Amino acid sequence: MTRYALRVASLAAALGLWQLLTSLDIDLWLRFSQFPTVTDVARAFADRLAGDDYWTDLTDSLTRIVTGFLLAAFLGVATGVLVARSRLAEDLLGPILEVVRPIPAIALVPVAILLFPSNEQGIVFITFTAAFFPVLVSTRHAVRALPPGWEEAVRTMGGGRWRILGSVVLPGALPGIFGGLSVGIGVSWICVISAEMISGQYGVGYRTWQDYTVVDYPGVFVGMVTIGVLGWATSTAVELLGRRLTRWLPRTSYVPTGRTRPKSPLPAAPAPAASPVVRTGPEPEEARDEHLV
């Protein structure tokens, strides 16, 4: 409860500082006089919630992000495992993937406009591309980092290729896979909002850009807050799913610096009295080996 109280207090302090700087029109180096106040943004937010356009934009953006991210998660994991496990796949797909990977997903907007018959499909493609490569790279590294002894143990017990994939490769790579998914969902939000600003007709990004063009700055901040909340919610969902699927992993507990864990109040049991050892002769070789074991 103390940690949650601290988080709420930090958020309240940030909002209070924002309200103070904007209401007093502070212009030292940053021009806070150009910013809307917290109360202005709250009033604009309440007006948007009462209308239908806000919920339509919210639904469209969520549909695009979920569709593109799920496609990227499935194909990214499958391609990452394939490239990490097959030399032929690495030789065929590796050069193409490494050439396309450095290209920013938002730079593919002209390609999406020319390639797909509708803007909706193009925005989903941009979202998919943004999340695909973080998932691919994380999966590939996670699979290659698996200890070879795990696979050898399954082969020794008669397991085949699919058995190794299902009981060794995928479970062992899950922490790395979800690391890539967490990065991918964040990058997807960045790119889907940018794509909506450029070529969208509906969505949170499109509405935020329209508010900027008509100089409705409280509406711009409503869009920014909405994007932040949606990004936080989806990232938290991915993290919780990852913790659920990897609950067999050991978790480290946080201990503040300077504090020690309380010791058990139970008294330590007294050590048993050592019995004298009587040597009757040279120790046999079998006894020495058993002692070492």
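Residues numbered from 1 in each chain as written. Predicted model: local features only at pLDDT ≥ 70, side-chain atom pairs only at ≥ 80, totals over all residues. Heavy atoms only, no water.

*Asks:* Would you explain the overall build of the protein in this entry?
*Replies:* On a plain count of helices and strands, the protein comes out with 11 helices and zero strands. Walking the protein from its N terminus toward its C terminus, one meets helices and strands in the order α-α-α-α-α-α-α-α-α-α-α. Counting only residues that meet the buried cut, the protein has 30% of its 293 residues in that class. Contacts in the protein between residues at least 24 apart in sequence constitute 69% of all its contacts with a sequence separation of at least 6. Counting only carbon and sulfur atoms, one obtains 65% of the accessible surface of the protein, whose full area is about 19800 Å². (Helix = DSSP H or I, 4+ residues; strand = E, 2+ residues; numbered from the N terminus. Buried < 20%, exposed > 50% of the residue type's maximum accessible area, 1.4 Å probe, protein only. Contact = heavy atoms within 4.5 Å. Areas by Shrake-Rupley, 256 points an atom, 1.4 Å probe, with all protein chains shown as cover.)

*Asks:* Sorry if this is basic, but what is going on with the pattern of salt bridges here?
*Replies:* Close approach of charged atoms allows side chains with opposite charge to pair. Here the structure, examined in full by the defined rule, presents 10 salt bridges. The residue Arg-207 makes a salt bridge to Asp-57 at a minimum N-O spacing of 2.7 Å. Separated by 150 residues along the polypeptide, Arg-207 in helix α9 (residues 204-213) and Asp-57 in helix α3 (residues 52-85) bring together distant segments of the chain. Classification of Arg-207 by relative accessible area gives partly exposed; the value is 22%. Between Arg-144 and Glu-90 there is a salt bridge, with its nearest N and O atoms 3.0 Å apart. Remark: Glu-90 occurs in helix α4 (residues 87-100) and Arg-144 occurs in helix α6 (residues 119-144); sequence separation between them is 54 residues. A residue is classified by how much of its surface remains accessible, and Glu-90, at 34% relative accessible area, is partly exposed. Salt bridges sharing partners connect three or more residues here, namely Arg-48, Asp-211 and Asp-216. (Salt bridge = Lys/Arg side-chain N within 4 Å of Asp/Glu carboxyl O.)

*Asks:* I tried to follow a nonpolar patch on the surface on my own but got confused; where do I start?
*Replies:* A cluster of nonpolar side chains, Leu-82, Leu-88, Leu-92 and Leu-93, forms an exposed patch at the surface whose accessible area comes to about 380 Å². With three residues, α4 is the single largest residue contributor to the nonpolar patch. (Patch = residues over 30% accessible without salt bridge, like charges linked within 9 Å, V, L, I, M, F, W, Y side chains within 5 Å.)

*Asks:* So what exactly am I meant to see when it comes to the environment of Gly-68 here?
*Replies:* Structurally, the position occupied by Gly-68 is in helix α3. Counting along the chain gives 53 residues from Gly-68 to Gln-121, while the straight-line C-alpha distance between them is 9.6 Å. Every residue in contact with Gly-68, bar those within four places of it in the chain, is listed here: Val-124, Thr-127 and Phe-128.

*Asks:* In this structure, what is going on with unusual backbone geometry? I would like to understand it.
*Replies:* Excluding glycine, residues mostly have negative phi values, and the peptide bonds linking residues are mostly trans. The backbone of Asp-25 sits at a positive phi, close to 55°, despite the residue not being glycine. In this structure Asp-25 comes out as partly exposed when scored by relative accessible area, which is 46%. Its identity is not glycine, yet Val-215 carries a phi of approximately 60°, on the positive side. When you line up the elements, Val-215 lands in the loop between α9 and α10 (217-245). According to the relative accessible area criterion, Val-215 is exposed, its value standing at 54%.

*Asks:* Looking at this structure, how should I read the environment of Val-137?
*Replies:* Within the secondary structure, Val-137 is located in helix α6. Judged by relative accessible area, Val-137 falls into the buried class, the value being 17%. Separated by 60 residues in sequence, Val-137 and Val-77 place their C-alpha atoms 9.0 Å apart.

*Asks:* Hey, could you run me through the confidence of the model for the protein in this one?
*Replies:* Low-pLDDT stretches of the model should not have their predicted coordinates read in fine detail. Mean pLDDT over the protein stands at 83; residues scoring 70 or higher make up 85%. The low-confidence segment residues 273-293, where pLDDT is below 50, has one contact with residues more than four positions distant or belonging to other chains. (pLDDT = per-residue confidence, 0-100.)

*Asks:* Which parts of the structure should I look at to understand the nonpolar core?
*Replies:* A general feature of soluble globular proteins is that nonpolar side chains tend to end up buried together. Counting residues in each nonpolar core, the largest one holds 49 residues, and the members touching the most others are Ile-126, Phe-132, Leu-181 and Trp-189. Of all elements in the fold, only α2 (38-50), α3, α5 (109-115), α6, α8 (161-199) and α10 reach the threshold of two or more residues within this core. Element by element, the count of residues in this core is highest for α8, at 14 residues. (Core = buried A, V, L, I, M, F, W, Y, C linked by side-chain atoms within 4.5 Å.)

*Asks:* I tried to follow the packing of aromatic side chains on my own but got confused; where do I start?
*Replies:* The way to describe two aromatic rings as a pair is by their centre distance and the angle between their planes. One pass over the full model with this rule turns up nine aromatic pairs. Look at Phe-128 and Phe-132: their rings are 5.4 Å apart centre to centre, the planes differ by 35°, and that puts the pair in the tilted class. On the criterion of helical spacing, the pair formed by Phe-128 and Phe-132 is a turn pair, its members being four residues apart in helix α6. There is no split in this pair, since Phe-128 and Phe-132 are both buried. Between Phe-132 and Phe-133 the ring centres are 5.1 Å apart and the planes differ by 80°, which places this aromatic pair in the edge-to-face class. Assigned by exposure class, Phe-132 and Phe-133 land together as buried. Ring pairs connect the aromatic residues Trp-18, Phe-32, Phe-35 and Phe-221, which therefore count as one cluster. (Phe/Tyr/Trp six-rings, centres within 6.5 Å; stacked < 30°, edge-to-face > 60°.)

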